[in-house]
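# Per-entry structural report
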Amino acid sequence: MLSQYASHDPSFMDSSGASDTDQSMDMMSDQDIRNAIFELLDQLPITANTDLITPYERAAMLPPVTQDSLCELDVGRIINNPKLRHDVNFDRELHFRPNLDGYRGKQKLRSADEFWSALRAELEIYKAIGYRLMYSTSAEELEEATRMIKANQLRLPGVFTTIYEILKTLVPERDQAVVAERLDVDMIMQQITKGVFDLMDMTRWLSTILKAHCAPMRDEWIDRMVDDITTGVEQGDQTAVVFGLRQTLAILEAMKLDVANHQIRHLRSLLIDDTVNFQQKYHVHKIAANRFKVSDARAWFKDEEAFLNSCNVPCTPLETFASAALRSLFSQSPLPNFPGTFYLDAERLRILRSDLHNVIQMDMCVNAFDLLIKNNVSASTRVASKKTLQANIADIIGEPRQYLENLENISAEIVRFVLQLEGATTTFDSDMMAIVELHLRAELSPSSPSLSAQLQTILNAQLPRFRNAVNSSSRLPLLALHDAMLPPVQSADKRTTQQVMVEPPLDEILKRVTHLAVLHWHVWSGIVYDIQADGPMVAPGSPGNNPDSPQTNPDTASSSSLASSPDMQSQSGGFAKHTGPSITNGRPQK
């Protein structure tokens, strides 16, 4: 009998009685056994209201969380991940999290639900076959039930294998042997076949070892997992058992995320300091292997150089680059004007363009309000009304900042404010609203001349400031640049005791562009921009760099100086031995 699955409810017995004892088991094919499993599943009471056959037949064989799906969290992958190593320069709070956003995220959730439904069906079958084993009266019946149990071992082995593979990366060397012994999947499946596997004992042991190596905040979660599995086993509730196993993998995933995020925090300064060295070698290797083109970047830089020369504006290479970067950002074209060398900043540049356009479009809305206000309104009242109106418009357009899609509501809000300041008895004027809406529709269009003129005006005014900011910031070490551009996040207590200075939106945007441009220049100037047209593309500061050597291969060990750091010496399981593969957030290891 399967101790954790067998029930004392005779309704789980095959209603047609035992298998056909007149048929020799030697004559039953694997397909016959599979058909018998589906027939049994179809006859279970649980399937009367729940479709378990479809997921049992179609769901993936491996759980949604596996060691392979979490491999990017290993420290070796972190230090060789160019996107992460670039992004860490722009985000003090950079961390990994499960990505369940958008369509792909919903698809992952659906696939996960389907897998766990299939596992539930698998456990229900174990439970029903356990009854057959209890009441078998012949060798043929015993053999048939045994073969059905083995044929039903589809997803449960993968669950235990995944638990073992992830757990062994989270525990120190001294616990590896115990983990391998307790999570011997072949032995577990043999015990299940013979009906002697004790899932509750396994769960209690797992709880102890998880609590010994996880953050204290996970303890309550682990206790809930134990309670669910215990309830499921004692009451024969396979839904509770499946939920407990699902929580087990979620806890292991969270522990892996904790370790990875601890590593990022621990290595942040080293990763930032090593950004230029790492990226130069990484990109020079890709260029040498003909896997990255820089001709568009060089042409982009030369075009700006020619334009500035035609305007008789003498500039250093750095100033030329800064001018090209800001001009591309202020372009009205919906297509990106930046060359391929900015590929790691594509999303940041998109957000910067969106923020810039939002500043201009918000000003256009406020200016429309300003034009309608009569002169007898005091200056202080105007200023206060504009601030309130801006906040209301921000609520109307929402995070996507869709001005044209919400033009009617924006116009109505502007008219309401105007009428309120004029002391009108009504809050709506259809004629005034039609005028405002017509005016804003022309102004706010992405291709409007007004938007183009505003962009050009701001560009002309801010370009000298931007060049000076880039020049002065380029002299800072990268870590100092990071600290200057991203001040430490203040705690709630400090925010309440002192006033937080808020930069004007445009200044804040230019500050972010400065940070991006300076870092880009440090990485790419000697490879693309600040060299002779026919000069060699070799990263400065790396004499004798051989792009074919293992040190510059992004698929192997990191080429940076971090590779020789004790924190980077990976061991079995991909975690640093020096810092300890089990991150306990201050809890001493048991």
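Residues numbered from 1 in each chain as written. Predicted model: local features only at pLDDT ≥ 70, side-chain atom pairs only at ≥ 80, totals over all residues. Heavy atoms only, no water.

## Here we look at the overall build of the protein
To keep things clear, this is the line we draw: Labels follow the DSSP assignment, with helices taken as runs of H or I lasting at least four residues and strands as runs of E lasting at least two, numbered in each case from the N terminus. Relative accessibility decides the category of a residue: with a 1.4 Å probe and only protein chains considered, values under 20% of the type maximum give buried, values over 50% give exposed, and everything between is partly exposed. Two residues form a contact once any of their heavy atoms are found within 4.5 Å.
Counting its secondary structure elements, the protein contains 23 helices and zero strands. A buried classification covers 48% of the 590 residues belonging to the protein. Considering only residue pairs separated by 6 or more positions, the protein has 76% of its internal contacts joining residues 24 or more positions apart.

## Quick notes on helix α8 (residues 173–182)
For clarity, the cut-off: The arc in question is the one traced by the directions running from the helix axis out to the C-beta atoms.
Residues of α8 that are buried: Asp175, Gln176 and Val179. Seen along its axis, α8 keeps its buried residues to an arc of 125°; they face one direction. Away from its buried face, by an angle of more than 90 degrees, α8 presents the exposed residues Ala177 and Glu181. Taken together, the buried residues of α8 touch α7 (156–168) and α10 (199–213).

## Digging into the pattern of salt bridges
This is how the line gets drawn: What makes a salt bridge here is a side-chain nitrogen of Lys or Arg within 4 Å of a carboxyl oxygen of Asp or Glu, nothing more.
In the structure shown here, the tally under the stated rule is 24 salt bridges. The partner of arginine 512 in a salt bridge is glutamate 508, and the shortest N-O contact between them spans 2.9 Å. Taken as a pair, arginine 512 and glutamate 508 lie in helix α23 (residues 505–529) at a separation of four residues, close to a single helical turn. A relative accessible area of 30% places glutamate 508 in the partly exposed class. Connected through shared salt-bridge partners, Lys83, Asp87, Asp345 and Arg348 make up one network.

## Quick word on the packing of aromatic side chains
The criterion, for reference: Pairs were defined over the aromatic rings of Phe, Tyr and Trp, the Trp ring being its six-membered one, requiring ring centres within 6.5 Å. Orientation was assigned from the angle between planes: stacked under 30 degrees, edge-to-face over 60, tilted for the rest.
Taken as a whole, this structure holds 17 aromatic pairs when the rule is applied. For the pair phenylalanine 292 and tyrosine 343, a centre-to-centre distance of 5.6 Å together with 50° between the ring planes defines the contact as tilted. You can see phenylalanine 292 sitting in the loop between α13 (275–288) and α14 (295–310) and its partner tyrosine 343 sitting in the loop between α15 (317–329) and α16 (346–372), a full 51 residues away along the chain. By relative accessible area, phenylalanine 292 is classed as buried at 12%. Measuring from ring centre to ring centre gives 6.0 Å for tryptophan 300 and phenylalanine 321, while their planes differ by 80°; the resulting arrangement is edge-to-face. Within this pair, whereas tryptophan 300 is found in helix α14, its partner phenylalanine 321 is found in helix α15, the two being separated by 21 residues in sequence. Chaining the aromatic ring pairs together yields one cluster made of Trp300, Phe301, Phe321, Phe338, Phe342, Trp521 and Tyr529.

## Overview of the confidence of the model for the protein
The condition that has to hold: Note: pLDDT gives the predictor's confidence per residue, expressed from 0 to 100.
Taken over all residues, the pLDDT of the protein has a mean of 84, while the share at 70 or more is 83%. When pLDDT is averaged over each element of the protein, α7 comes out on top at 97 and helix α22 (residues 492–497) at the bottom at 50. For residues 1–25, every residue scores under 50 in pLDDT, and the model assigns this stretch 55 contacts once sequence neighbours within four places are set aside. Throughout residues 533–590 the model reports pLDDT below 50, and contacts reaching past four residues in sequence, or to other chains, amount to 123 contacts.

## So, the environment of arginine 182
Note that arginine 182 resides in helix α8. The sequence separation of arginine 182 and methionine 202 amounts to 20 residues, and the corresponding C-alpha distance is 7.7 Å. Ignoring sequence-local partners within four residues, the contact set of arginine 182 consists of Ile188, Asp201, Met202 and Trp205.

## A look at the packing of helix α5 (residues 102–135) against α7
How we decide: Between N-to-C directions, angles cover 0 to 180 degrees, with each direction set by a line fitted to C-alpha atoms, over the stretch in contact for helices. Residues are grouped as follows: nonpolar covers Ala, Val, Leu, Ile, Met, Phe, Trp, Tyr, Cys and Pro; charged covers Asp, Glu, Lys and Arg; every other residue, Gly included, is treated as polar.
As a packed pair, α5 and α7 sit with axes 10 Å apart at the nearest point and diverge in direction by 115°. Between α5 and α7, the residues in contact are Phe115, Trp116, Leu119, Glu122, Leu123 and Tyr126 and Leu156, Pro157 and Val159, respectively. Grouping the amino acids of the contact of α5 with α7 by side-chain chemistry returns eight nonpolar, no polar and one charged.

## Topic: the packing of α16 against helix α19 (residues 430–444)
Convention followed: Should the near helix be turned anticlockwise from the far one by less than a right angle, the crossing is left-handed, and should it be turned clockwise, the crossing is right-handed.
The interhelical angle for the contact between α16 and α19, taken along N-to-C directions, is 150°, at an axis separation of 10 Å. Pair α16 / α19 crosses with right-handed handedness. Contact with α16, carried on its side by Gln361, Met364, Cys365, Ala368 and Leu372, involves Met432, Val436, His439, Leu440, Glu443 and Leu444 of α19 and no other residues of that element.

## Brief notes about the side chain of histidine 515
Put simply, the rule is: N or O atoms closer than or at 3.5 Å make up a polar contact, with two conditions inside protein: a donor-capable atom paired with an acceptor-capable one, and, for residues adjacent in sequence, both atoms drawn from side chains.
Tracing the chain through its elements places histidine 515 in helix α23. In this structure the side chain of histidine 515 is engaged in a polar contact, spanning 3.5 Å, whose partner is the backbone oxygen of asparagine 89. Those residues within four positions of histidine 515 in sequence are excluded, and the remaining contacts are Asn89, Phe90, Leu481, His482, Met485 and Leu486.

## Some words on the environment of glutamate 165
Take glutamate 165: it is sitting in helix α7. Separated by 14 residues in sequence, glutamate 165 and valine 179 place their C-alpha atoms 9.6 Å apart.

## Considerations on the environment of aspartate 530
As for its position among the elements, aspartate 530 is in the segment after α23. Measuring from C-alpha to C-alpha, the distance between aspartate 530 and phenylalanine 301 comes to 9.5 Å, with 229 residues separating the pair along the chain. Among all residues touching aspartate 530, those that are not within four sequence positions of it are Pro317, Trp521 and Ser525.

## A word on helix α21 (residues 478–485)
Those residues of α21 that fall on the buried side of the exposure criterion are Leu478, Leu481, His482 and Met485. Down the axis, α21 shows its buried residues gathered within 100° of arc, on one side only. Lining the buried residues of α21 we find α12 (238–273), α13, α20 (449–473) and α23.

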